[in-house]
Amino acid sequence: MATIITHVAVPLVLRMGIGKAKVSTPLLIVACLAAILPDADVIAFKLGIPYASSFGHRGFSHSLLAAVFVGLLASVCYKPLKSDPIWAFFIVSLSMASHGVLDSLTNGGLGIAFLWPESTHRYFLPWRPIEVSPIGIKNFFTARGLQVILSEIVWVWFPCLTIGVFSLILRKTMKRRREDNVPLNVSP
């Protein structure tokens, strides 16, 4: 898995790119929580549920169906999120689904049960550059933990920051052009 810290990169980038008007602070907080929620399944280890079980780590909680379900909950609760139902659904679902995508880019563990309950097959993406994160906080304060963080900076944070800054600049440029009533295709 990627670290909990890194899973919030996607909702943060969504906020940068889409803006505060659509991704309010309460919605951003819920989206960040949704992005880390799938890893609550590590409790399965303590309960004796096998890793490879549908209810084990990287099982149903990492599925697209779980992301849609949590997104639907957010859409019902759109008012306290200071959003509208469509944006609440979209941002929260995408943030939670991104968890499985990032985990499927890691180089260890079992794959992700993206299609649960239709299929219990575990998937990895063909390219897996992210170092798998150790489970347990004490393991982060080791050379291995540092290797994981550096991997995530290179393969997640830097690309996300680049996309976020580019999206922010594009959004601000588009807004300025609309305010100035400047057409997008200006011919000399």
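Please read these numbers as outputs of a predicted model, since none were measured by experiment.

1. Details of the packing of aromatic side chains
The tally for this structure, following the rule as stated, stands at six aromatic pairs. Seen from their ring centres, F55 and F60 are 5.3 Å apart, and the 55 degrees between their planes marks the pair as tilted. Taking relative accessible area as the criterion, F60 reaches 30% and is therefore assigned partly exposed. Taking the centre distance of 5.0 Å and the plane angle of 85 degrees together, the rings of W127 and W155 count as edge-to-face. One end of the pair, W127, is in the loop between helix 6 (85–103) and helix 7 (143–180); the other, W155, is in helix 7, and 28 residues separate them in sequence. Following the ring pairs from residue to residue traces out a cluster consisting of F55, F60 and W116. Looking at R128, its charged tip hangs above the ring of F124, at a distance of 3.5 Å from the centre.

2. Looking at a positive patch on the surface
Together, K172, K175, R176 and R178 line one region of the surface with positive charge. In this fold, K175 is placed in helix 7.

3. Some points on unusual backbone geometry
Here W116 and P117 are connected by a cis peptide whose omega angle stands at 5 degrees. On the secondary structure map, P117 appears in the loop between helix 6 and helix 7. With phi around 70 degrees, R58 is a residue other than glycine that occupies positive phi space. Positionally, R58 belongs in the loop between helix 4 (43–46) and helix 5 (64–76).

4. Some details on a nonpolar patch on the surface
A cluster of nonpolar side chains, contributed by W127, L146, I149, L150, I153, V154 and W155, occupies part of the molecular surface with about 670 Å² of accessible area. Summarising the element assignment, V154 is placed in helix 7. Note on V154: relative accessible area 45%, which makes it partly exposed.

Parameters and conventions
Residues numbered from 1 in each chain as written. Predicted model: local features only at pLDDT ≥ 70, side-chain atom pairs only at ≥ 80, totals over all residues. Heavy atoms only, no water. Phe/Tyr/Trp six-rings, centres within 6.5 Å; stacked < 30°, edge-to-face > 60°. Buried < 20%, exposed > 50% of the residue type's maximum accessible area, 1.4 Å probe, protein only. Helix = DSSP H or I, 4+ residues; strand = E, 2+ residues; numbered from the N terminus. Lys NZ or Arg CZ within 6 Å of the ring centre and 35° of its normal. Patch = residues over 30% accessible without salt bridge, like charges linked within 9 Å, V, L, I, M, F, W, Y side chains within 5 Å. Areas by Shrake-Rupley, 256 points an atom, 1.4 Å probe, with all protein chains shown as cover. Salt bridge = Lys/Arg side-chain N within 4 Å of Asp/Glu carboxyl O. Lys, Arg positive; Asp, Glu negative; His and termini not counted. Charge placed at Lys NZ, Arg CZ, Asp CG, Glu CD.

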